[in-house]
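Report on the structure
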Amino acid sequence: MSGAQSDARGGMSRSADITAANLDAIAARFETDKPARAITPLGRGLINDTFRVETAGESYVLQRINGEVFPHPEQIMANLLALSELLADADAGGLRIPHIVLTGDGVAFARDQAGALWRMMELIPDARNLAGIESAEEAQEVGRVLGAFHRVTAALPVARFGVSLPGFHDTPAYLRRLEQTASERRHQNAIGEAEEPLAFVDQHRDLAGLLAGAERVGRIRRRITHGDPKLDNILFSTGSPKALALIDLDTIQPGLPQHDLGDCLRSCCNRGGEGAPDPGDTHFDLEICEGILRGYAAETRGLLGAGDIASLYDAIRSVPFELGLRFLTDHLDGNRYFRIDYPGQNLLKARIQLALVADIEAKEPSLRSMIEEVFGGDGR
Ligand code: GN1
Ligand code: MG
């Protein structure tokens with residue numbers, strides 16, 4: 001539910017097949033404190049359909065899970081319920097996750113007539129999204145909240161969490177899929193403007209195997225991860241510069257903490273955002289990066305090992321590479337995965353992620369010494 005609490009309305013977030021009558025009927029299946037009186041699109045998520053439900057009392061988030069993307073939606077809800085239950089017993093360090101609202105039958109989701117899965121959760125009150133990071137304090141807060149999530153979940157039994165989205169951060173598989181799709185389009189003479197980003201990918205193929213290789217040799221290992229900690233998915237307090245909560249918990253599953261850090265940084269340090277008009281103007285902001293890493297390191301002392309820390313630079317460059325592969329594949333494949341507002345948007349987004357990779361590589365010495373300084377003494 002990316003950006004599900006955002007003030008910015010996506011505009012496209014209501015799919016054509018969802019009618020007001022369907023929404024009312026689905027919302028009524030959940031145990032809200034009072035009946036729904038207004039249901040409106042919410043947030044900027046690219047995959048699920050997300051709505052804000054207002055009642056005379058509390059407000060809620062209602063979502064239809066995209067069944068094409070999430071083949072095991074029941075596993076998502078099982079992971080979420082396990083997390084809520086376990087966090088209720090743990091010292092969550094101020095970390096908040098949205099409370100799940102059950103249906104009248106006491107289950108975590110409802111199916112509509114078409115078989116699609118819906119779920120509801122609380123809309124965390126007095127919270128806001130940031131359009132961008134404007135201060136070192138906000139950057140540190142982002143790092144702190146991601147660090148708190150890793151610290152707290154590290155104490156939970158991994159066995160309680162199943163894989164809800166297989167292959168989600170399998171970068172080598174994303175590369176194979178792009179190359180396969182590009183080869184088909186090449187035969188059809190239908191590559192168009194994707195030629196240049198494809199050439200960049202070809203020159204950077206090695207990036208795809210970096211984290212997988214580190215995992216294979218045991219330098220890094222799987223833990224419980226969020227999977228999608230981009231800036232839209234971090235809620236700040238309306239009254240202070242404090243981060244309150246991590247939202248969009250669909251991709252919580254065993255994964256590499258490097259993927260979370262890389263994803264958070266590729267999102268937060270790209271001040272132009274994922275869809276900036278000019279890919280040539282894409283930069284990776286080192287000051288924001290330093291703030292996030294400092295906040296994270298302070299919160300997680302001792303959690304990451306030396307091998308984890310040694311892989312951070314590769315994480316920072318390979319996650320935007322992976323997202324670039326995914327946007328580019330989807331562009332060549334008819335935009336079936338990521339929702340678009342206009343033709344060519346996924347190509348533009350791919351070029352932005354790849355431009356970020358190039359800028360990160362240009363800043364390698366600064367990034368390596370920053371990582372050394374921030375995590376120096378930790379994990380060794
Ligand atoms: C998707 O739907 P949303 O906006 O939460 C995607 C992430 C990408 C992100 C890019 C399940 O997230 O992996 O990083 O778009 N989620 C899935 O904005 O593929
Ligand atoms: Mg998401």
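Everything discussed here concerns the structure shown above.
Residues numbered from 1 in each chain as written. Chains lettered and ligands numbered in written order. Predicted model: local features only at pLDDT ≥ 70, side-chain atom pairs only at ≥ 80, totals over all residues. Heavy atoms only, no water.

Our focus in this paragraph is the packing of aromatic side chains. The geometry of two aromatic rings is summed up by the distance between their centres and the angle between their planes. Counted by the stated rule, this structure contains three aromatic pairs. Aromatic side chains tyrosine 337 and phenylalanine 338 sit 4.8 Å apart centroid to centroid with 65° between the ring planes, which places their arrangement in the edge-to-face category. (Phe/Tyr/Trp six-rings, centres within 6.5 Å; stacked < 30°, edge-to-face > 60°.)

So, about the coordination of the magnesium ion (ligand 2). The coordination sphere of the magnesium ion (ligand 2), as far as protein atoms go, consists of Asp228 (OD) and Asp248 (OD), spread over 2.0 to 2.1 Å. Here aspartate 228 is found in the loop between strand E8 (223–225) and strand E9 (234–237), whereas its partner aspartate 248 is found in the loop between strand E10 (243–246) and strand E11 (253–255), with 20 residues between them in sequence. One exposure class covers both aspartate 228 and aspartate 248, and it is buried. (Donors = N, O, S within 2.8 Å, 3.2 Å for Na, K, Ca; no water. Helix = DSSP H or I, 4+ residues; strand = E, 2+ residues; numbered from the N terminus. Buried < 20%, exposed > 50% of the residue type's maximum accessible area, 1.4 Å probe, protein only.)

Okay, the nonpolar core next. Ranked by internal contacts, the top residues of the largest apolar core, which has 84 residues, are Ile133, Val142, Phe284, Ile292, Leu293 and Phe375. The element best represented in this core is helix H10 (residues 312–332), accounting for nine residues. Residues in contact with phenylalanine 284, not counting those within four places in the same chain, are Leu265, Cys269, Cys289, Ile316, Leu356, Asp359, Ile360, Lys363 and Leu367. (Core = buried A, V, L, I, M, F, W, Y, C linked by side-chain atoms within 4.5 Å. Contact = heavy atoms within 4.5 Å.)

Taken in spatial order, the three strands of this open sheet run E7-E9-E10, and their pairing is antiparallel. A strand with exactly one partner marks an edge of an open sheet, and here the two such strands are strand E7 (127–128) and E10. (Pairing = 2+ DSSP bridges.)

Here the focus is the environment of arginine 144. With respect to the helices and strands, the residue arginine 144 is situated in helix H3 (residues 136–154). Residue classification places arginine 144 among the partly exposed residues on the basis of a relative accessible area of 21%. Each C-alpha atom of the pair arginine 144 and isoleucine 292 lies 7.4 Å from the other, and the pair is 148 residues apart in sequence.

So, on to empty space enclosed by the protein. Going through the model one piece at a time under the given rule, you end up with three cavities of 30 Å³ or more. Approximately 340 Å³ is the volume found for the largest cavity. Along the walls of the largest cavity sit 28 residues, with Ile47, Phe168, Asp228, Lys230 and Phe338 positioned nearest its centre. Looking at the lining of the largest cavity, the elements with two or more residues in it are helix H7 (257–268) and H10. A per-element tally of the lining of the largest cavity places H10 first, with five residues. Of the residues in the lining of the largest cavity, the class split is 12 nonpolar, seven polar and nine charged. Space inside the second largest cavity adds up to approximately 50 Å³. Listed by contribution, the elements that provide at least two residues to the lining of the second largest cavity are H3 and E8. Looking at side-chain class alone, the lining of the second largest cavity contains six nonpolar, three polar and one charged residues. (1 Å grid on protein atoms, 1.4 Å probe; cavity = no way out; pocket = protein on both sides within 12 Å on 5 of 7 lines; lining within 4 Å. Points joined across faces, edges and corners; volume = space filled by probe spheres on them. Nonpolar A, V, L, I, M, F, W, Y, C, P; charged D, E, K, R; others polar.)

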